[in-house]
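Survey of secondary and tertiary structure
The lines below spell out each chain.
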Amino acid sequence: MDMLNSSVISEFVLLGLTSTWELEIFFKIFLLTYAVIVAGNLLIVVTITFDFHLHSTPMYFLLGNLSFFDMTISTITTPKMLADFLREKKTISLWGCMAQMFFLHFFGGNEMTLLIVMAVDRYIAICKPLHYTTIMNRRVLIGSVLLSWVVGFVHTTSQMVFTITLPLCGPNTVDNIFCDLPLVLKLACTYTYVLELLVIADSGLLSFICFILLLISYTVILVTVHRQSSGGLSKALSTLSAHITVVTLFFGPCIFIYVWPFRSFSVDKFLSVFYSIITPLLNPIIYTLRNQEMKAAMARLRIQHVSSRQNF
């Protein structure tokens, strides 16, 4: 069934954070935040790409991809939200809404898979250090990143293929800052119970299960290190703290949004902002301010850039 033939809705109205139109303070805050997100994550990607030592290190290779996913997820939602701050009528086209949901879940699935790969990387690095470079070779890394793209595509397609065929006959109001599956499904004028279960299983339960498995894997790492050497526990904990923080920041909002996606909670908008803005903002801060290797690599690139300009 063609979506345009089965739907009488041509656009959606996004209610945003509030119904008040005079939101200059919010606009300035989120504009500054988005600029920091793009600059911070892009700096990480560029540093890892052009620094040979970091680019050849599995953990930083994966971190570069994580920063790219974070920057992309924020770009899918934030520019539209910023534009809506300046408009009295906050609308998004039907296909624009569908594209926003597709890419949001696509890159969300990518990042979910990548975080699992990063947990495996830390397990091998800490528990099997002598075999680390052999196991996490370039072929495995590239295969893991490609797998994350495949998983993301399957994750979003399995939900969107049914969503685009839904008859949408009003109302056309989405009470959030961007389009998302649970909110759009509520607007369908047909039976959506099976599709709602699919969203809960594909997004909610999957996020919850992955989160629990990641916490178990990090616990196993710490227990293994403690048994081998009590002195190595503090070092392992310091190494894993950034990863555990990022995992919690990513999966926390996903679990709350999608495990009970068809019940209205007052914190839904806050979680949407947290997922699309706060998490991509905190990730580069977590991985750069606490990481001496990243700081050293950025310093090397700055020196190389200054030297190259002087030569010209």
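All figures in this text were calculated on a predicted structure; none of them were measured in a lab.

1. Some remarks on the packing of helix α5 (residues 94-127) against helix α7 (residues 138-163)
- Axis separation between α5 and α7 bottoms out at 7 Å; the angle between their running directions is 145 degrees. Viewed along their axes, α5 and α7 form a crossing whose handedness is right-handed. Between α5 and α7, the residues in contact are Met98, Met101, Phe102, His105, Phe106, Phe107, Gly109, Asn110, Thr113, Leu114 and Val117 and Ser144, Ser148, Trp149, Val151, Gly152, Phe153, His155, Thr156, Thr157, Gln159, Met160 and Thr163, respectively.
- A class-by-class count of the residues in the contact of α5 with α7 yields 11 nonpolar, 12 polar and no charged.

2. Considerations on the nonpolar core
- Formed by 90 residues in total, the largest nonpolar core has its most connected members in Phe12, Leu62, Leu66, Met101, Leu115, Leu168 and Phe251.
- The leading source of residues in this core is α5, at 17 residues.
- In this structure Met101 touches Thr156, Met160, Thr163, Cys179, Asp180, Leu181 and Val184, once residues within four positions along its chain are discounted.

3. Examining the confidence of the model for the protein
- Summing up the model confidence of the protein, the mean pLDDT is 84 and the portion of residues at 70 or higher is 89%.
- By mean pLDDT, helix α1 (residues 3-6) is the weakest element of the protein at 47, and α7 is the strongest at 93.
- For residues 1-5, every residue scores under 50 in pLDDT, and the model assigns this stretch eight contacts once sequence neighbours within four places are set aside.

4. Brief notes about the state of the cysteines
- With the rule as written, the count across this model stands at one disulfide.
- Here Cys97 pairs with Cys179 through a disulfide, and the sulfurs are 2.2 Å apart. Measuring handedness by torsion sign, the sulfur bridge of Cys97 and Cys179 sits at about -125 degrees and is left-handed. Residue Cys97 is found in helix α5, and its partner Cys179 is found in the loop between β3 (173-174) and α8 (181-185); the two are separated by 82 residues along the sequence.

5. A few points about the packing of α5 against helix α9 (residues 193-228)
- Contact geometry of α5 with α9 gives a least axis separation of 10 Å together with a crossing angle of 15 degrees. Taken together, the axis directions place α5 and α9 in an arrangement best described as roughly parallel. For the element pair α5 and α9, the recorded crossing hand is left-handed. Here α5 contributes His105, Met112, Leu115, Ile116, Ala119, Arg122, Tyr123, Ile126 and Cys127 to the contact with α9, which in turn contributes Ser203, Leu206, Ser207, Cys210, Leu214, Ser217, Tyr218, Val220, Ile221, Thr224, Val225 and Gln228.

6. Here's the deal with the packing of aromatic side chains
- On inspection of all chains with the given rule, the structure shows 16 aromatic pairs.
- With 5.9 Å between their ring centres and 10 degrees between their planes, Phe30 and Phe85 make a pair best called stacked. Placement of the pair is Phe30 in helix α2 (residues 24-50) and Phe85 in helix α4 (residues 58-85), with a sequence separation of 55 residues.
- For Phe30, a relative accessible area of 10% puts it in the buried group.
- The exposure class of Phe85 is buried, given its relative accessible area of 6%.
- Relative to Trp149, the ring of Phe106 has its centre 5.5 Å away and its plane inclined at 65 degrees; by these criteria the two rings are edge-to-face. Here Phe106 is found in helix α5, whereas its partner Trp149 is found in helix α7, with 43 residues between them in sequence.
- Phe106 gets classed as buried once you look at its relative accessible area, which sits at 9%.
- Ring-pair connections join several aromatic residues into one group, and the members of that group are Phe68, Phe69, Phe102, Phe103, Phe106, Phe107, Trp149 and Phe153.

What counts, and where the lines are drawn
Residues numbered from 1 in each chain as written. Predicted model: local features only at pLDDT ≥ 70, side-chain atom pairs only at ≥ 80, totals over all residues. Heavy atoms only, no water. Axes fitted to C-alpha atoms, helices over the stretch in contact; angles between N-to-C directions. Helix = DSSP H or I, 4+ residues; strand = E, 2+ residues; numbered from the N terminus. Left-handed = near helix turned anticlockwise from the far one by under 90°. Contact = heavy atoms within 4.5 Å. Nonpolar A, V, L, I, M, F, W, Y, C, P; charged D, E, K, R; others polar. Core = buried A, V, L, I, M, F, W, Y, C linked by side-chain atoms within 4.5 Å. Buried < 20%, exposed > 50% of the residue type's maximum accessible area, 1.4 Å probe, protein only. pLDDT = per-residue confidence, 0-100. Disulfide = S-S within 2.5 Å. Parallel < 35°, antiparallel > 145°, perpendicular 65-115°, else oblique. Phe/Tyr/Trp six-rings, centres within 6.5 Å; stacked < 30°, edge-to-face > 60°.

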